Amino acid sequence: MSQAPLVSVVLPIYKVEQWLRRGVDSVLAQTFRDFELILVDDGSPDNCGAICDEYATADPRIRVIHQENGGISVARNAGLQIAKGKWILFLDPDDVVSPWMLEAITTALQKHPRDCIIWRFTPFPSTVFEPLHESKETLYTPDQIGFLYLNWKVASVWTMIFSVDLLRRTGHRFDASLRHSEDFPFVFHYARLLFEANPGSRFVYLESPLYFYDNEDKGSSSSRVVPAIFCEGWCRTFRMVFRDVDEFFHIPQEHEHRMYQNCLRTLGTGLASRLDVLPQEQPARRQEALEFLDSPGMKEILDTFRRRHYCS
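Along each chain, numbering runs from 1 in the same order as the chain's sequence is written. Thresholds applied to this predicted model are a pLDDT of at least 70 for local features of residues and 80 or more for the giving and counting of side-chain atom pairs; totals over whole chains, interfaces and linings are not thresholded and use all residues. Side-chain figures throughout are based on the complete set of non-hydrogen atoms in the structure, without hydrogens or water.

Comments concerning the overall build of the chain
For clarity, the cut-off: Helix and strand assignments follow DSSP, with helices taken as H or I runs no shorter than four residues and strands as E runs no shorter than two, numbered in order from the N terminus. The reference for a compact globule is 2.2 Å times residues^0.38; the radius of gyration itself is calculated from the C-alpha atoms. Three labels apply to residues, based on accessible area from a 1.4 Å probe with only protein chains included: buried if under 20% of the type maximum, exposed if over 50%, partly exposed otherwise in between. Contact definition: two residues touch when any of their heavy atoms are within 4.5 Å. Residue burial considers only the protein chains on display, and all accessible areas are found by Shrake-Rupley using a 1.4 Å probe. The convention is simple: Lys and Arg are positive, Asp and Glu are negative, and His and the chain ends are not counted. Taken as the charge centre is NZ of Lys, CZ of Arg, CG of Asp or CD of Glu, depending on the residue.
Scanning the chain for helices and strands turns up 11 helices and 9 strands. Computed over C-alpha atoms, the radius of gyration of the chain comes to 20 Å, within 12% of the 20 Å expected from 2.2 N^0.38 for 312 residues, which places it in the range of a compact globule. Counting every position in the chain, which comprises 312 residues, the buried fraction comes to 53%. Long-range contacts, defined as pairs at least 24 residues apart, comprise 84% of the intrachain contacts of the chain with a sequence gap of at least 6. Only carbon and sulfur atoms are counted for the fraction: they give 51% of the accessible area of the chain, which is about 14,800 Å². The positive charge centre, built from 34 side chains, and the negative charge centre, built from 42, are 4 Å apart in the chain.

Structure representation (structure tokens):
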């Protein structure tokens, strides 16, 4: 590709051989053609790497990175490192996108170049793709980010397009130490950076479903018992997000209250799962749970809950 594309699309790939072609084909079927596709083979032990190379040989818009397994955040950061586009999308390879997705997004960017473009997603398969060139839009102010999160409009990294220049100028990256919920703080902090750089900007929500999420249980989770790092990861995640909420977004108390309730519910579910084990394993797991509750990060969150009367 001699000329830099407008959009870079990054797919982190690990153990998705069965669904990889479906996901890649949906990106290649875009009506908007000025993009590159970066496939990051994150040390996948199956045939994903060979499939990626096959696609790259057939289409000059595709570039492949092969690396040792480092997790989804490391893979996404690697894609960002070599991206040539002005804008970047981070998608999941086992999901499907509308063939009109990039056309609708870039049309919105032409109208709102300083705003934060987000769009609707829906479970897959849920609908037949209908021709779409421009989606109906709804505008939201930055302090409505809590409402957007609670209503699944700001839900994941694959529902937002990012400025490559802004990411590189600020050094904003995915936190490689987070193995769960890595999207949440990345999206919130990016929105903060964008609105700080562009006062008066808004969220532009595209009402048409552009992303189709495969919510089928593929058995990729290690077990039904939540690993210990889940609780610690979510604890760090919520602290990072609430820092941006408190320092910049200043969302309405009603939305803040519900976000904290969701945080408490998530952490409670993780702890309950850790204790849902055989009787002989419970003493050790109970000790783990008590140590987590006594950790500095969890104490900070619980102190905030009590101070704001979100729990007794």
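Here's the deal with the confidence of the model for the chain
Applied cut-off: A score from 0 to 100, pLDDT tells how confident the predictor is in each residue.
Mean pLDDT for the chain: 89, with 91% of residues reaching 70 or above. When the criterion is pLDDT under 50, residues 219-226 qualifies, and its contacts beyond four places in sequence or with other chains add up to 10 contacts.

Let's talk about the pairing of strand 4 (residues 87-90)
The criterion, for reference: Only strands joined by at least two bridges in the DSSP assignment are considered to pair.
Across the two faces of strand 4 the burial is the same, with Trp 87 and Leu 89 and Ile 88 and Phe 90 all buried. Inspection of the sheet shows strand 1 (residues 7-13) paired to strand 4 by 4 bridges, in the parallel sense. When the sheet's bridge partners are listed, Val 7 is paired in strand 4 with Trp 87. Alignment of strand 4 against strand 8 (residues 162-163), held across 2 bridges, turns out to be antiparallel. Bridge pairing links Ile 88 to Phe 162 in strand 8.

Focus on the sheet that holds strand 8
Operational definition: Axes here mean lines fitted to C-alpha atoms, for a helix over just the part in contact, with angles spanning 0 to 180 degrees between N-to-C directions.
The sheet built from 5 strands is open, its strands ordered 3-2-1-4-8 with mixed pairing. On the outer flanks of this sheet lie strand 3 (62-67) and strand 8, each paired with one strand and no other. The sheet contact formed by strand 1 and strand 2 (residues 35-42) spans 7 bridges and is parallel. Counterpart to Val 7 in the pairing with strand 2 is Phe 35. Against the sheet, helix 2 (residues 48-58) makes contact with strand 1, strand 2 and strand 3, and its axis sits at roughly 155° relative to strand 3, the strand it touches most.

Focus: the packing of aromatic side chains
Just so we agree on the cut-off: Paired rings are identified among Phe, Tyr and Trp, the last through its six-membered ring, by centres lying within 6.5 Å, and are further divided according to the angle between planes into stacked (under 30 degrees), edge-to-face (over 60) and tilted (the rest). The criterion for a charge sitting over a ring is simple: Lys NZ or Arg CZ within 6 Å of the ring centre, and within 35 degrees of the ring normal.
Here the structure, examined in full by the defined rule, presents 23 aromatic pairs. A ring pair is formed by Trp 158 and Tyr 213, whose centres lie 5.3 Å apart and whose planes are at 20°; its orientation type is stacked. In this pair, Trp 158 is assigned in the loop between helix 5 (145-150) and strand 8 and Tyr 213 in strand 9 (residues 203-213), connecting sequence segments 55 residues apart. Put simply, the rings of Tyr 149, Phe 184, Phe 188, Phe 195, Phe 203, Trp 234, Phe 238, Phe 242, Phe 248, Phe 249, Tyr 260 and Phe 305 touch in pairs and so form one group of aromatic residues. The side chain of Arg 76 reaches across the aromatic face of Phe 174, ending 5.2 Å from its centre.

Some details on helix 9 (residues 253-275)
Using the following cut-off: Residue count minus one, scaled by 1.5 Å, sets the expected span of a helix.
Between its terminal C-alpha atoms helix 9 stretches 33 Å, which fits the 33 Å expected from 23 residues at 1.5 Å a residue. Listed in full, the buried residues belonging to helix 9 are His 255, Glu 256, Met 259, Tyr 260, Cys 263, Thr 266, Leu 267, Gly 270, Leu 271, Ser 273 and Arg 274.

Overview of the environment of Leu 302
Looking at the secondary structure, you find Leu 302 in helix 11 (residues 296-307). Sequence spacing of Leu 302 and Leu 264 is 38 residues, and the spatial spacing of their C-alpha atoms is 8.7 Å.

Focus: the pairing of strand 6 (residues 116-123)
Of all 8 residues in strand 6, 6 are buried, a share of seventy percent or more. The pairing of strand 6 with strand 9 spans 8 bridges and is parallel. When the sheet's bridge partners are listed, Thr 122 is paired in strand 9 with Phe 212.

A closer look at the side chain of Glu 256
Within the element layout of this structure, Glu 256 appears in helix 9. Leaving out residues up to four positions away in the same chain, Glu 256 has contacts with Val 245, Asp 246, Ile 251, Arg 308 and Tyr 310.

Notes on the side chain of Asn 198
Short version of the rule: For the purposes of these results, a polar contact is taken to be a pair of N or O atoms within 3.5 Å, where, inside protein, one atom must be able to donate a hydrogen and its partner to accept one; residues adjacent in sequence count only when each atom of the pair is a side-chain atom.
With respect to the helices, strands and loops of the structure, Asn 198 is situated in the loop between helix 7 (183-197) and strand 9. Owing to a relative accessible area of 15%, Asn 198 belongs among the buried residues under this scheme. At 3.3 Å, the side chain of Asn 198 and the side chain of Arg 114 are in polar contact.

Quick look at the packing of helix 9 against helix 10 (residues 282-293)
Under the convention used in this document: We call two directions roughly parallel when the angle between them is under 35 degrees, roughly antiparallel when it is over 145, roughly perpendicular when it lies between 65 and 115, and oblique otherwise. Three classes are used: nonpolar for Ala, Val, Leu, Ile, Met, Phe, Trp, Tyr, Cys and Pro, charged for Asp, Glu, Lys and Arg, and polar for all others, with Gly counted as polar.
Viewed as axis vectors pointing N to C, helix 9 and helix 10 meet at an angle of 155°, and their least axial separation amounts to 8 Å. It follows that helix 9 is roughly antiparallel to helix 10 by the angle criterion. Contacts from Leu 267, Leu 271, Arg 274 and Leu 275 of helix 9 reach helix 10 at Gln 282, Arg 285, Arg 286, Glu 288, Ala 289, Phe 292 and Leu 293. The residue makeup of the contact of helix 9 with helix 10, split by class, is 6 nonpolar, 1 polar and 4 charged.

Observations regarding the pattern of salt bridges
Going by this rule: A pairing counts as a salt bridge when a side-chain nitrogen of Lys or Arg comes within 4 Å of a carboxyl oxygen of Asp or Glu.
Under the defined criterion, the tally for this structure stands at 17 salt bridges. Between Arg 22 and Asp 214 there is a salt bridge whose closest N-O contact spans 2.8 Å. Pair noted here: Arg 22 is in helix 1 (residues 17-28) and Asp 214 is in the loop between strand 9 and helix 8 (228-249), with a separation of 192 residues, a long-range link. By relative accessible area, Arg 22 is classed as partly exposed at 29%. Lys 299 is the salt-bridge partner of Asp 294, the closest N and O atoms lying 3.2 Å from each other. A relative accessible area of 48% places Asp 294 in the partly exposed class. Among the residues examined, Lys 299 registers a relative accessible area of 40% and is labelled partly exposed. In the salt-bridge network here, residues are joined through shared partners; they are Arg 76, Asp 92, Glu 182 and Asp 183.

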